[in-house]
Amino acid sequence: MKLKEKAQIMDAEGIRRALTRMAHEIIERNKGVENLALIGIRRRGVPLAVRLAALILEIEGREVPVGSLDITLYRDDLTQLSYQPLVYRTEVDFPVTGKRVVLVDDVIYTGRTVRAALDALMDLGRPAVIQLAVLVDRGHRELPIRADFVGKNVPTSRKEVIEVHIREIDGDERVVISERVE
């Protein structure tokens with residue numbers, strides 16, 4: 001599938017501002033950081049969770065634990081992905097039972113990734129609350145799932161793709177709308 005970039009919707013500064021606002025909203029909604037944990041959904045959700053945790057530390061002066069969740073084996077389209085899908089490690093070095101967990105991802109689209117993440121998270125324990133933070137909400141939900149914290153809402157067509165470039169993974173920092181080209 002070839003993609004043609006249509007427009008940049010966030011630059012590095014826009015991403016930083018969105019994450020800063022989201023960090024403040026997470027603190028406010030949870031009345032502080034007591035019993036709070038962030039878990040990034042692999043791949044791009046992990047560095048975003050780490051950045052949110054750093055911003056929360058800067059704002060509140062307290063660290064919150066950060067983990068990473070691999071949802072590959074929980075996906076409902078696993079057989080469509082690849083004959084042998086890449087499986088990464090889930091790294092959650094703290095108990096999730098009783099915690100206020102914020103799942104972090106780059107983009108929410110159909111809601112299926114989040115559903116898989118909820119299943120994977122519940123296999124680790126029983127959190128008191130699960131909230132969802134996403135950098136971009138592009139609409140087109142297929143499941144009754146919504147984000148609690150959103151960096152930017154971007155209405156899209158189904159032909160369009162949101163590409164999030166994160167410095168830690170991609171070497172650059174921006175969010176673009178691209179279109180599938182035949």
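For the structure itself, look to the data block above.
Residues numbered from 1 in each chain as written. Predicted model: local features only at pLDDT ≥ 70, side-chain atom pairs only at ≥ 80, totals over all residues. Heavy atoms only, no water.

1. Things to note about the overall build of the chain
Here is step 1: Within the chain one finds five helices and eight strands.
Here is step 2: For 182 residues, the compact-globule formula gives about 16 Å, and the C-alpha radius of gyration of the chain, at 16 Å, lands near that figure.
Here is step 3: For the chain, the C-alpha atoms occupy an extent of roughly 50 × 35 × 30 Å along the three principal directions.
Here is step 4: By residue count, 46% of the 182 residues in the chain fall in the buried class.
Here is step 5: Long-range pairs, those at least 24 residues apart, make up 70% of the contacts in the chain with a sequence separation of at least 6.
Here is step 6: Approximately 9,800 Å² of the chain is accessible, and the part contributed by carbon and sulfur atoms is 48%.
Here is step 7: If you average the places of the 29 positive and of the 29 negative side-chain charges in the chain, the two averages end up 3 Å apart. (Helix = DSSP H or I, 4+ residues; strand = E, 2+ residues; numbered from the N terminus. Rg over C-alpha atoms; globule rule 2.2 N^0.38 Å. Buried < 20%, exposed > 50% of the residue type's maximum accessible area, 1.4 Å probe, protein only. Contact = heavy atoms within 4.5 Å. Areas by Shrake-Rupley, 256 points an atom, 1.4 Å probe, with all protein chains shown as cover. Lys, Arg positive; Asp, Glu negative; His and termini not counted. Charge placed at Lys NZ, Arg CZ, Asp CG, Glu CD.)

2. Some remarks on the pairing of strand β7 (residues 160–165)
Here is step 1: Most of β7 is tucked away, with five of its six residues classed as buried.
Here is step 2: Where β7 meets strand β8 (residues 174–181), six bridges bridge the pair, whose relative direction is antiparallel. What sits directly across from His-165, in β8, is Arg-174. (Pairing = 2+ DSSP bridges.)

3. Quick notes on helix α2 (residues 45–60)
Here is step 1: Counted at 1.5 Å a residue, the expected span for α2 with its 16 residues is 22 Å, and the 22 Å between its end C-alpha atoms agrees.
Here is step 2: Within α2 the residues assigned to the buried category are Gly-45, Val-46, Pro-47, Leu-48, Ala-49, Arg-51, Leu-52, Ala-53, Leu-55 and Ile-56.
Here is step 3: Tucked into the core, α2 has its buried residues touching α1 (12–29), β2 (36–41), β3 (66–69), β4 (100–108), β5 (129–137) and α5 (167–170). (Expected span 1.5 Å × (residues − 1).)

4. With respect to the environment of Arg-16
Here is step 1: Checked against the element boundaries, Arg-16 lands in helix α1.
Here is step 2: When its relative accessible area of 42% is taken as the criterion, Arg-16 is described as partly exposed.
Here is step 3: On a C-alpha basis, the gap between Arg-16 and Arg-51 in space is 9.0 Å, while along the polypeptide they are 35 residues apart.
Here is step 4: Polar contacts involving the side chain of Arg-16 include one to the side chain of Glu-13, which spans 2.4 Å. (Polar contact = N/O pair within 3.5 Å; in protein donor to acceptor, adjacent residues only side chain to side chain.)

5. Quick look at the sheet that holds β8
Here is step 1: In spatial order, the strands read β1-β8-β7; together these three strands make up an open sheet with antiparallel pairing. Two strands lie at the open edges of the sheet, namely β1 (2–11) and β7, each paired on one side alone. This sheet shows a mean twist of 30° between the axes of neighbouring strands, independent of strand direction.
Here is step 2: The sheet strands contacting α1 are β1, β7 and β8, and the helix crosses β1 at an angle near 60°. (Axes fitted to C-alpha atoms, helices over the stretch in contact; angles between N-to-C directions.)

6. Some details on the side chain of Gln-131
Here is step 1: By the secondary structure assignment, Gln-131 is in strand β5.
Here is step 2: What makes Gln-131 buried here is its relative accessible area of 7%.
Here is step 3: For Gln-131, the residues in contact, after removing those within four places along its chain, are Arg-29, Asn-30, Arg-100, Val-101, Val-102, Leu-103, Asp-148 and Phe-149.

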